[in-house]
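A look at the structure
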Amino acid sequence: MSKKAKKETGTPHKDTFDPVLVEGKTPETVVLLLSSTEEDILIKACEAVHTYAEKGDENKVSLLGLGALKPLCQLITHNNKLVRCNAFMALGVMASNNDVKNVLKKMDAIPSIIDKLSLEDVVIHEFATLCLACLSVDSICKVQISHNKGLPPLIQLLSSPDPDVQKNSLEIIYNLVQKDYEDRLKVHELGGIAPLLELLKSDFPVIQHLVLKILHNVTTDKDSRKTFREEQGFEKLMDILSNMEWNDLHTEALQAVSNCLSDSESLHLIHEVGGLTRLMEFIQTPNTPEIQSSAVKCITGIAQSSENCKLLHEQNIEKVLVELLSAPDFSVRISTCQAVSVMSRHPASKDSFKDLGGIRAVVQLLKNENLSLRQAATQALSSLTDNSQVNAFAVYEAGGLELLVQQLCGSCPRMVANSAATLGNMAEQEVIRCSILSRGTIQALVEPLKSTNTQVLISTVHCLARLASDTEARAQLQSAGGLQPLVSLLRSYHKEVLHKTCMVINMCVSDKATAVEMCKLGALERLQEINQSVNRRCNLSELAMISLLNSNLSVKYSLTGHLASTDIITDGFYDNGKASAGQRILTLEELSMQPITQHHPSIAVNTTETEEDVSEERQSNTSERDTNSKTDYRTPRKKKADDRQKEDGGQKEETQPQTPAEKPWKMMDDESLQILIKKAKESILPLNNEREQYAALARLVSTAMGGEVKMENLHEFSWVLHISKLKFKLQSNVVPIGLIKKGFYRHRALLFKCLADCIGLSCTLVRGEYNRAWNEVLLFDGSLSSNRCSSQPSRYIVDLIHQPGNLLKANSPAAEQYQTI
């Protein structure tokens, strides 16, 4: 018979194999068969893998180790329908294992799975969605599902007749919308709300629960809420809430309602269908704490709108909430505190809570051991006391002050922030502020100043701003080490933190010692940096800078080169020369403690009389030997001290040894300056003419610092050598101004300003170039009898060196020559 005949009659070809029955008794064999090219074998192999994987996680891990995933992922795209179905069944079952999920994520199997959702095969729909449901719990897989346009087919599958497909699709959608706002919008845009509401009629509770959870997330969007209303969503939710047989769904239903009630239109709609009445019933039903808590959260959602607050106020919701503050269940009390916090934004409700005893009830909750409850209570108190002095005093009367201070040391950032905010609200009243300070509040606020939590920082600095108006508070802040973290906050790029920090600094630097310490900590450099920034500077930062300089005239003069007539020089002032912007200016103590340098010394002012001076002056006034007393008065302090030690036989030094390191630093005494001040008071103040006073003072300064020096003889005036000798004699980088007997422009101008301020004359101090400095005074031209009200005073430069006492009209050639040459 020919080959053609054999073929036509069905005679087997010599190259074909007769059918062989293959039995795979081990997983290894079955996994190998997944690579077969024969469809019958693939069908049976996939079926065997599915059956084996269903038996438990150990089998799934075993199949993973044998390499079953790769061929299964390839087989889900096979042309044969049965191969595809069985492969999906095997893959869907295996995907529930975490190890399998991790491998599937790396294999990028999601696009292929999503692609097959469009096939009209219920089995593939079930197991493909099962696989995606398992994967969608992973954040990376969620992104992959979204990017591969998985939502559209999933929304379509919500209308599937198969409940398993519905459930799996809902699980995937729920996982996607939990945190991703874009996916929530897509659900609405793809028409997902209508099929979701339809599934509320499902006979399967698990499907109903999932729908309600999805609706709770999706309805955070305004457009979604609108569609929800148009699709009679409220009515359907009210059907659930009215059906006591579905009480297991009430919690999720209430959560979905809470989102939808944040706008007035929704609230009025649900109120019309009796929803608000039903909601109040849930709130007042103590048998189901979870439902009761969810109902209270609905109130919180409703109260976000001020218009809604009015409607709730009309329903006497405040009375119900106050009663719930003593509910036995923690979750109910926590939810109630949150509702009170939101409702308190409405002034009428804020007053009602106080009148109904709500403030005292919330304060009592601060004693509870439950951290979440205390946190919620502090949140309520913060809102209740905001812009309400009456409520702030009610918290004080209820014993809340000490309890709130205790919360500042807690570990919960929100509780610390709320407590600080409440204390700040209470500190507006002086009587409460004093009580706050007496309980160690400033010390307790120092640690929150170091927090990395923005809200903690805002509330803490807000509280300090309210307290820092008190001198005692500023002193406590410095002694508690609070200045360093406060200055560090000037590095913040958060607008509110920075603004409130500048506000506190502006208040703190009203104390000179605090201002000096802040400069030492770098506040000045940071404020300069802020004020040079276009984005960070503000009125408060500029005000803080001005206040800091005005409270530290030494730094102000060093930076700006100008002291106004209102800037009064006092003890501790020093001129350290011109400083560059951004350069840290050392304090007088730091300059004194440094080794001797080759630079010009700092010139210091110290008019304080020591106890020894006062005692000696008293002896001088009562002594019959006036000449001897005067001699003693002018004796250098070091010599007098040495004489006393000789008289004591050195016993004091032997019995009470004291090393230099043990001695507290103090400014060098300046008896010569004290004598000059006394002379100025005796000789200048009696003069009636203001011009004569300035002229006489100028001559006194000139005489004290080397006398008149003609312009052509300036180079012969050896002031540099004199001050260098003085500096090395004192072994200090700081020289008291009274010891300078040969002073140049810089020294004379400073001494003139110092003496003028001491005796009440008005003048400025201006720094020029090349060690030049001068004083400007304002004088009226003409006779004393002229009408000064009709004219403006003129500025004059006081000549202290060439023609001492001469007043040079500002901007005149003579004045310009004095300032520049």
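Use the structure listed above.
Residues numbered from 1 in each chain as written. Predicted model: local features only at pLDDT ≥ 70, side-chain atom pairs only at ≥ 80, totals over all residues. Heavy atoms only, no water.

On to the overall build of the protein, then. For the protein, the helix and strand inventory stands at 50 helices and 9 strands. Within the protein, the fraction of its 821 residues that count as buried is 51%. Looking at the protein alone, contacts between residues at least 24 apart form 68% of all its contacts between residues at least 6 apart. Of the roughly 40,200 Å² of accessible surface on the protein, a fraction of 50% belongs to carbon and sulfur atoms. (Helix = DSSP H or I, 4+ residues; strand = E, 2+ residues; numbered from the N terminus. Buried < 20%, exposed > 50% of the residue type's maximum accessible area, 1.4 Å probe, protein only. Contact = heavy atoms within 4.5 Å. Areas by Shrake-Rupley, 256 points an atom, 1.4 Å probe, with all protein chains shown as cover.)

Let us now look at helix H15 (residues 205-218). With 14 residues, H15 extends 20 Å from end C-alpha to end C-alpha; this agrees with the ideal 20 Å at 1.5 Å per step. For H15, the set of buried residues is Ile 207, Gln 208, His 209, Leu 210, Val 211, Leu 212, Ile 214, Leu 215, Asn 217 and Val 218. Buried positions along H15 lie against helix H12 (163-177), helix H13 (181-189), helix H14 (193-198), helix H16 (222-230), helix H17 (233-242) and helix H18 (250-260). (Expected span 1.5 Å × (residues − 1).)

With 4 of 5 residues buried, strand S8 (residues 794-798) lies mostly within the body of the structure. Of the pairings in the sheet, the one linking strand S7 (residues 776-779) to S8 comprises 4 bridges and is antiparallel in character. Within S8, the residue paired with Leu 779 across the bridge is Ser 794. Both S8 and strand S9 (residues 807-809) contribute to a ladder of 3 bridges, which runs antiparallel. Following the sheet pairing, Tyr 796 is matched in S9 by Lys 809. (Pairing = 2+ DSSP bridges.)

The description of an aromatic ring pair rests on the distance of the ring centres and on the angle between the ring planes. Counted by the stated rule, this structure contains 6 aromatic pairs. Arranged with centres 5.3 Å apart and planes meeting at 85 degrees, the rings of Phe 228 and Phe 234 form a pair that is edge-to-face. By relative accessible area, Phe 228 is classed as buried at 0%. Centroid distance Tyr 745 to Tyr 818: 5.2 Å. Interplanar angle 75 degrees. Geometry classified as edge-to-face. Placement of the pair is Tyr 745 in helix H49 (residues 745-759) and Tyr 818 in helix H50 (residues 813-820), with a sequence separation of 73 residues. For the pair Tyr 745 and Tyr 818, one class covers both residues: buried. Three or more aromatic residues link up through ring pairs in this structure, and these residues are Trp 719, Phe 744, Tyr 745 and Tyr 818. Over the ring of Tyr 745 we find Arg 772, and its NZ or CZ is 3.9 Å from the ring centre. (Phe/Tyr/Trp six-rings, centres within 6.5 Å; stacked < 30°, edge-to-face > 60°. Lys NZ or Arg CZ within 6 Å of the ring centre and 35° of its normal.)

With that out of the way, let us pick up the state of the cysteines. For the structure on display, the rule yields 0 disulfides. No disulfide involves Cys 73; its sulfur sits 7.5 Å from that of Cys 131, the nearest cysteine. Its relative accessible area of 12% is what places Cys 73 among the buried residues. (Disulfide = S-S within 2.5 Å.)

The strand order across the open sheet formed by 3 strands is S7-S8-S9, and the pairing between neighbours is antiparallel. Two strands in the sheet have a free side with no partner beyond their single neighbour: S7 and S9. Taken over all neighbouring pairs, the strand axes of this sheet differ in orientation by 45 degrees on average, direction set aside. The strands touched by helix H47 (residues 690-704) within the sheet are S7, S8 and S9, with S7 carrying the most contacts at an inclination of about 160 degrees. (Axes fitted to C-alpha atoms, helices over the stretch in contact; angles between N-to-C directions.)

This next bit is on unusual backbone geometry. The backbone phi angle of Asn 387 is positive, close to 55 degrees, even though this residue is not glycine. Positionally, Asn 387 belongs in the loop between helix H27 (371-385) and helix H28 (389-397).

Along the polypeptide, Asp 121 turns up in the loop between helix H8 (110-115) and helix H9 (122-135). The exposure class assigned to Asp 121 is buried, which follows from its relative accessible area of 8%. A polar contact is formed between the side chain of Asp 121 and the backbone nitrogen of Ile 124, at a distance of 3.2 Å. Excluding its chain neighbours within four sequence positions, the residues that come into contact with Asp 121 are Lys 81 and Cys 85. (Polar contact = N/O pair within 3.5 Å; in protein donor to acceptor, adjacent residues only side chain to side chain.)

Counting through the fold element by element, Cys 538 comes out in the loop between helix H38 (523-531) and helix H39 (539-550). Separated by 36 residues in the primary sequence, Cys 538 and Cys 502 have C-alpha atoms spaced 9.4 Å apart.

Relative orientation of the contacting elements H47 and H49 amounts to 130 degrees, with a least axis distance of 10 Å. By the angle between their directions, the pair H47 and H49 is classed as oblique. Pair H47 / H49 crosses with right-handed handedness. Contacts from Tyr 694, Leu 697, Ala 698, Leu 700, Val 701, Ser 702 and Ala 704 of H47 reach H49 at Arg 748, Leu 751, Phe 752, Leu 755 and Ala 756. Its residues assigned to classes, the contact of H47 with H49 comprises 10 nonpolar, 1 polar and 1 charged. (Parallel < 35°, antiparallel > 145°, perpendicular 65-115°, else oblique. Left-handed = near helix turned anticlockwise from the far one by under 90°. Nonpolar A, V, L, I, M, F, W, Y, C, P; charged D, E, K, R; others polar.)

What follows concerns the sheet that holds strand S5 (residues 765-767). On the basis of which strands lie adjacent, the open sheet formed by 3 strands has the order S1-S5-S6 and antiparallel pairing. Among the strands making up the open sheet, the edge pair consists of strand S1 (562-563) and strand S6 (773-774). Sheet topology note: the S1/S5 ladder contains 2 bridges and is antiparallel. Opposite His 562, over in S5, you have Val 766 as the bridge partner.

What follows concerns the nonpolar core. In summary, soluble globular proteins display a tendency toward joint burial of nonpolar side chains. Membership of the largest hydrophobic core comes to 189 residues, with the highest contact counts inside it found for Leu 72, Leu 104 and Met 518. Formed by 56 residues, the second largest nonpolar core is a distinct cluster that contains Ala 680, Val 735, Phe 744 and Ala 756. (Core = buried A, V, L, I, M, F, W, Y, C linked by side-chain atoms within 4.5 Å.)

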